[in-house]
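Here is how the chains run, residue by residue.
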There are 2 protein chains.
Amino acid sequence: MAASAIERVAIIGAGNGGCAAAADLVKSGFDVRLYGRSPSTIEPLVARGGVEYEGVLGEGFAPISVITNDASEAMRDAHAVLVMGPTHAHVSMAETVARHLKPGQIFFAAPGHTLTLLPNTLRDGGHEKPVTCESATLPYICRKLTPIRVKISRKAAKLKFAAFPATRTRELAERLLPLFPAISPVASLLDTVFPYTNAIHHPPALLCNIGRVEATGGDYCHYYEGITPSVGRIIDALDAERVAIASAFGCVVDKLSDYFFQIGYTNEEGRDGGNAYSVFHNSEPNRWIKAPPSIDYRFFNEDIPFGLVPLTELARLAGVQTPASDAVILLASIATGKSYRDGGLTSARMRIDGMDIAAVKTLLEHGYE
Amino acid sequence: MAASAIERVAIIGAGNGGCAAAADLVKSGFDVRLYGRSPSTIEPLVARGGVEYEGVLGEGFAPISVITNDASEAMRDAHAVLVMGPTHAHVSMAETVARHLKPGQIFFAAPGHTLTLLPNTLRDGGHEKPVTCESATLPYICRKLTPIRVKISRKAAKLKFAAFPATRTRELAERLLPLFPAISPVASLLDTVFPYTNAIHHPPALLCNIGRVEATGGDYCHYYEGITPSVGRIIDALDAERVAIASAFGCVVDKLSDYFFQIGYTNEEGRDGGNAYSVFHNSEPNRWIKAPPSIDYRFFNEDIPFGLVPLTELARLAGVQTPASDAVILLASIATGKSYRDGGLTSARMRIDGMDIAAVKTLLEHGYE
């Protein structure tokens, strides 16, 4: 393999995921440059000269050679550029990256699951034949405790990984494996889109508790008290739609109960119940998590436009009906006064409208080459 | 007018409305016969020999000459038969009545708003040219405090009243006016269907609090704490659909905020806010009403299949879109596992499927004559 080994890494995004990756990769011996858009995020890290960490990596301090809100400085001689931020920030992050990305630099996003949004944004930024790769989820379960300290409570055991075009998946997986040993190649970006389950359970659980969130300011446990048996049935309906859409595209995904058991989010009783209520009622890691203080929250704002909406748009393209998902999208949009479909990741925005399944697969396999 | 004055009245249903009407009509000098299907409802009233009452009629005891679970006995020589029970019991009540109804007996339902369901049930029971009449709401706000005691907290100031066929409305209104002085004739049964607002606010308010109802057993105030600003926006969306459907049929209905002010359910501030949240947050009569103990409750079980479903079915017939109402029906059906549309008052069950607006109006105007 001719490509040089990755030594220098630019991390785009200095939030939870970006800081966790910075700590992990510094610890693994990589030369990390950390970019954050907002000076208020960056300044405390600059003052400290790196990031403090605790959790499964142990407790310590990771010095970072470059911490900046100048993307060109972070990316200048990096071998890989890692976009680590919420999916609703993908366009603006990719626009920033596009201005400085050089041939040969690897573009990796975690979490991905915005299908062709990233390659298209790079294309709009002047990269005719964009190459991107992504993992379905963030490589860490992590949370910043302070502006300079991140708690990493788990490293993902398996990172579903695909490239655009898919012909590049194997090569890029091999090059990124030293950074993220959990990388596990899948057939195409569809296989990083469909496993995303937050879109399936966050929106209906919040919808069925709108009155409670607004009356109490979220003073109850979201998963344990908020997902009751009947709320669970709505989540199950959305999950069945997700599995059916994936199946129409020839992708096999685990149903929620199996998936949550695999990633350690529920126990055997939760899995064997086979429904969302049993999954969440037996989810020890989620048990004490409080509900959001208002419905102006990522459970709607991110998981609907960049989670449920693209699922239903792919469903339309495949001729699969998604009445339950459509109903949740509509009622949440009415409740918040935000049109989540218009503002979300539609087929038009993914630039796959008018395509059939075969055309989408061809695009994902071969890209714009 | 040739018809004799009403002296003897059979009341079909010995629940809240039936007992309130019995007390009121006995007090007004009518000879009342009270029918209840269930022996356990009837027996305590038989033992007492009538019904105790309190509230706006004062406090007292109304002796009732006949209290029975034999409908033929109750109806034998009655001038008018008053069906007073929930809309989801209309078919079984009308089937019972049909077996004993004689030519010349007035058939009146309160509340009505099941369109052609009652005349069709009478027709199935052998009455070729059925005549029915109804008011949009119950004539009383009332609640049985014990099996023999009813509290009447308000008499309706205005009872929208229509007959089937509408050509009979004026005559029947005049004959029933001594019983219910609030009767106010409207053009047709459509004008008793569209003003029904429980279907607009009960289902979405419960849907947006499913988790809370199931986690707390309904330990919060349904209207005051359950209808928060965002829940109110969903109610507003359903209300706008209701007004649009009515308009397509040429009926003018007040929007929820105006209507609730007119009937004394909200104050000027509530009305002037112009939205469901302001209406309910300023509704003194509703302020302390607790939420239901479970979602297996009339807010879904009655108001969806016999309230929202017929509205959306009329909308389809008129070519009006009702996405918000459809979404609420679907998600509530998933949550409870009951198919409220299949079990509800569909166009097929109203026997108006395939008709256009003009055909429906002709049927309502002239009936099966």
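In this text the structure is predicted, and so the values were computed from the model without any measurement. In every chain, residue numbers begin from 1 and rise along the written sequence. Here the convention is simple: chains get letters from A, ligands get numbers from 1, in the order in which they are written. In keeping with the model being predicted, local features are shown solely for residues with a pLDDT of at least 70 and side-chain atom pairs are shown and tallied solely at 80 or more, while totals for entire chains, interfaces and linings include all residues. Only hydrogens and water are set aside; all other atoms, that is, all heavy atoms of the structure, feed into the side-chain values.

1. Some points on the overall build of chain A
As a reminder of what qualifies: Under the scheme used here, helices are H or I runs from DSSP no shorter than 4 residues and strands are E runs no shorter than 2 residues, and both carry numbers assigned from the N terminus. All radius of gyration figures rest on C-alpha atoms, and the globule criterion is 2.2 Å times the number of residues raised to 0.38. Note on areas: Shrake-Rupley, 1.4 Å probe, and residue coverage restricted to the protein chains presented here.
Secondary structure assignment for chain A yields 18 helices and 12 strands. Against the compact-globule benchmark of 21 Å for 369 residues, chain A has a radius of gyration of 20 Å, which places it among compact chains. Across its three principal axes, chain A shows a C-alpha extent of roughly 55 × 45 × 40 Å. Only carbon and sulfur atoms are counted for the fraction: they give 50% of the accessible area of chain A, which is about 13,900 Å².

2. Some words on the pattern of salt bridges
Heads up, the condition is: For salt bridges, the criterion is a side-chain nitrogen of Lys or Arg within 4 Å of an Asp or Glu carboxyl oxygen. Exposure is judged per residue with a 1.4 Å probe applied to protein chains only, and the accessible area is read against the type maximum: over 50% gives exposed, under 20% gives buried, and values in between give partly exposed.
With the rule as written, the count across this model stands at 36 salt bridges over all chains. Here B:D31 makes a salt bridge to B:R33, at a shortest N to O gap of 3.0 Å. B:R341 is the salt-bridge partner of B:E313, the closest N and O atoms lying 3.2 Å from each other. With B:E313 in helix α15 (residues 304-318) and B:R341 in the loop between α16 (323-336) and α17 (347-350), this pair connects stretches of sequence that are 28 residues apart. In this pair, the class of B:E313 matches that of B:R341, namely buried. Each of A:E7, A:R8, A:D31, A:R33 and A:D77 takes part in salt bridges that share partners, so that together they form one network.

3. Considering the pairing of strand β3 (residues 50-55) of chain B
For a regular strand, the rule is simple: side chains alternate between the two faces of the sheet. Residues and elements named next belong to chain B. Filter applied, for reference: By this definition, two strands are paired if DSSP reports at least two bridges between them.
Alignment of β3 against strand β4 (residues 60-63), held across four bridges, turns out to be antiparallel. When the sheet's bridge partners are listed, G50 is paired in β4 with P63. With antiparallel pairing between neighbouring strands as the criterion, β3 and β4 make up a hairpin whose turn holds four residues, including G58 at a positive phi of roughly 85 degrees.

4. A closer look at the sheet that holds β4(B)
Residue and element names in this part refer to chain B. Under the convention used in this document: Convention adopted: a line fitted to C-alpha atoms gives each axis, helices being fitted over their contacting stretch, and angles between N-to-C directions are expressed from 0 to 180 degrees. Throughout, a residue-residue contact means that at least one pair of heavy atoms, one from each residue, lies within 4.5 Å.
Taken in spatial order, the four strands line up as β4-β3-β10-β9 in an open sheet, and their pairing is mixed. Strands with a single pairing partner mark the edges of an open sheet, and in this sheet they are β4 and β9 (140-146). The sheet shows a mean angle of 30 degrees between the axes of neighbouring strands, direction not considered. Helix-sheet contacts for helix α1 (residues 16-27) involve β3, β4, β9 and β10 (149-155), and the interaxial angle to β9 is about 105 degrees.

5. Re the packing of aromatic side chains
All names here are of chain B. Spelled out, the test is: Two aromatic rings, drawn from Phe, Tyr or Trp (for Trp, its six-membered ring), form a pair once their centres lie within 6.5 Å of each other, and the interplanar angle then sorts them: stacked below 30 degrees, edge-to-face above 60, tilted otherwise.
In total, this model carries 20 aromatic pairs over all chains according to the counting rule given. Taken together, a centroid distance of 6.0 Å and an interplanar angle of 25 degrees make the contact between F108 and F161 stacked. In this pair, F108 sits in strand β7 (residues 106-109) while F161 sits in strand β11 (residues 159-164), placing the two residues 53 residues apart along the sequence. Looking at F161, the relative accessible area reads 0%, which means it is buried. Each ring, one from F164 and one from Y368, has its centre 5.7 Å from the other, and the planes form 55 degrees; the classification is tilted.

6. Some remarks on the interface of chain A and chain B
To keep it simple, the criterion reads: Buried surface area refers to the total accessible area, computed with a probe of radius 1.4 Å, that the two partners give up upon joining, counted for both partners together.
Tallying the contact residues gives 29 residues for chain A and 29 residues for chain B. Carbon and sulfur atoms supply 70% of the area that chain A and chain B bury against each other, a total of about 2,000 Å² over both sides. The largest contributions to the chain A side of the interface with chain B come from A:R212, A:L331 and A:I334, which together make up 23% of the buried area. Taken together, the connections running from chain A to chain B amount to zero salt bridges. Among the elements of the structure, α9 (210-216), α10 (229-248) and α16 (323-336) of chain A are those that each provide at least two residues to the side of chain A that touches chain B. Sort the elements by how many residues they give to the side of chain A that touches chain B and α16(A) lands first, with nine residues.

7. Quick look at the sheet that holds strand β5 (residues 66-68) of chain A
All names here are of chain A. What the eight strands build is an open sheet, ordered β5-β2-β1-β6-β7-β8-β11-β12; its pairing is mixed. The open sheet terminates on both sides in strands that have one partner only, identified here as β5 and β12 (183-185). With strand direction ignored, the average angle separating the axes of adjacent strands in the sheet is 25 degrees. Relative to strand β11 (residues 159-164), strand β8 (residues 132-135) runs antiparallel, the two sharing four bridges. The residue bridging S135 from the neighbouring strand is F161, located in β11. Taken strand by strand, helix α6 (residues 169-176) contacts β6 (80-83), β7 (106-109), β8, β11 and β12, and its axis lies near 130 degrees from that of β11.

8. Looking at the relation of the copies chain A and chain B
Threshold: A least-squares superposition brings the copies together, and it is based on the C-alpha atoms of residues with pLDDT no lower than 70 in both.
Placing chain A over chain B gives an RMSD of 0.1 Å and needs a rotation angle of 179 degrees, together with 0.1 Å of translation along the axis. This pairing of chains is accounted for by a two-fold axis.

9. Re the UniProt feature "domain: 6-phosphogluconate dehydrogenase NADP-binding" (unreviewed entry) in chain A
Operational definition: UniProt positions are given in the numbering used here, feature names are shortened, and annotations may be inferred rather than shown by experiment.
Here, the residues flagged by UniProt with the feature "domain: 6-phosphogluconate dehydrogenase NADP-binding" (unreviewed entry) are residues 9-107 of chain A. A helix fraction of 36% and a strand fraction of 28% characterise residues 9-107 of chain A, whose end C-alpha atoms lie 10 Å from each other.

10. Thoughts on the environment of A:A205
All names here are of chain A. By the element assignment, A205 lies in helix α8 (residues 198-207). A residue is classified by how much of its surface remains accessible, and A205, at 0% relative accessible area, is buried. As a C-alpha pair, A205 and P293 span 88 residues in sequence and 14 Å in three-dimensional space. Leave out the neighbours within four places in its chain, and A205 touches H222, I227, V231 and I235.

11. Regarding the nonpolar core
One broad rule of soluble globular proteins: the nonpolar side chains tend to lie buried together. Note the following rule: Put simply, a nonpolar core is a bunch of buried Ala, Val, Leu, Ile, Met, Phe, Trp, Tyr and Cys residues held in one set by side-chain atoms that sit within 4.5 Å of each other.
Core analysis: the largest hydrophobic core is formed by 132 residues, its most contacted members being A:F194, B:F194 and B:L314. The contact partners of B:F194, leaving out residues within four places of it in the chain, are B:R242, B:I245, B:A246, B:F249, B:C251, B:V253, B:L311 and B:L314.

12. Looking at the domain arrangement of chain A
Residue and element names in this part refer to chain A. Applicable threshold: Residue ranges for the domains originate in an automatic or database domain assignment. For the purposes of these results, a polar contact is taken to be a pair of N or O atoms within 3.5 Å, where, inside protein, one atom must be able to donate a hydrogen and its partner to accept one; residues adjacent in sequence count only when each atom of the pair is a side-chain atom.
Its domain assignment divides chain A into domain 1 (8-193) and domain 2 (198-338). Its C-alpha centre places domain 1 at a distance of 26 Å from the equivalent point of domain 2. Listed as interface residues are 14 residues of domain 1 and, on the opposing side, 10 residues of domain 2. Taking both sides of the interface into account, the surface hidden between domain 1 and domain 2 amounts to around 1,000 Å²; carbon and sulfur atoms contribute 62%. It is H88, R154 and L190 that lose the most area in domain 1 upon contact with domain 2, and together they represent 40% of the buried surface on that side. Our count for the contact surface shared by domain 1 and domain 2 stands at zero salt bridges. Applying the counting criterion to the domain 1 and domain 2 interface returns one residue pair in polar contact (both at pLDDT 80 or more). Listing elements by their share of the side of domain 1 that touches domain 2, those giving two or more residues are β9 (140-146) and α7 (190-193). Per-element tally for the side of domain 1 that touches domain 2: the top contributor is α7, with three residues.

13. Describing the UniProt feature "domain: Opine dehydrogenase" (unreviewed entry) in chain A
On the UniProt side, "domain: Opine dehydrogenase" (unreviewed entry) is annotated at positions that read residues 186-335 of chain A here. Along residues 186-335 of chain A one finds 61% helix and 0% strand; the C-alpha atoms at either end are 37 Å apart.

14. A word on unusual backbone geometry
Residue and element names in this part refer to chain A. Between A110 and P111 the backbone carries a cis peptide bond, its omega angle lying at -5 degrees. Topologically, P111 is positioned in the loop between β7 and α5 (117-124). Across the junction of F164 and P165, the peptide omega takes the value -5 degrees, indicating a cis bond. Looking at the element boundaries, P165 is found in the loop between β11 and α6. For L115, which is not glycine, the phi torsion reads 50 degrees and is therefore positive.

15. Points about the side chain of A:S184
Residues and elements named next belong to chain A. In this fold, S184 is placed in strand β12. In this structure S184 comes out as buried when scored by relative accessible area, which is 18%. S184 has contacts with K158, L159, K160 and F161, leaving out every residue within four places of it along the chain.

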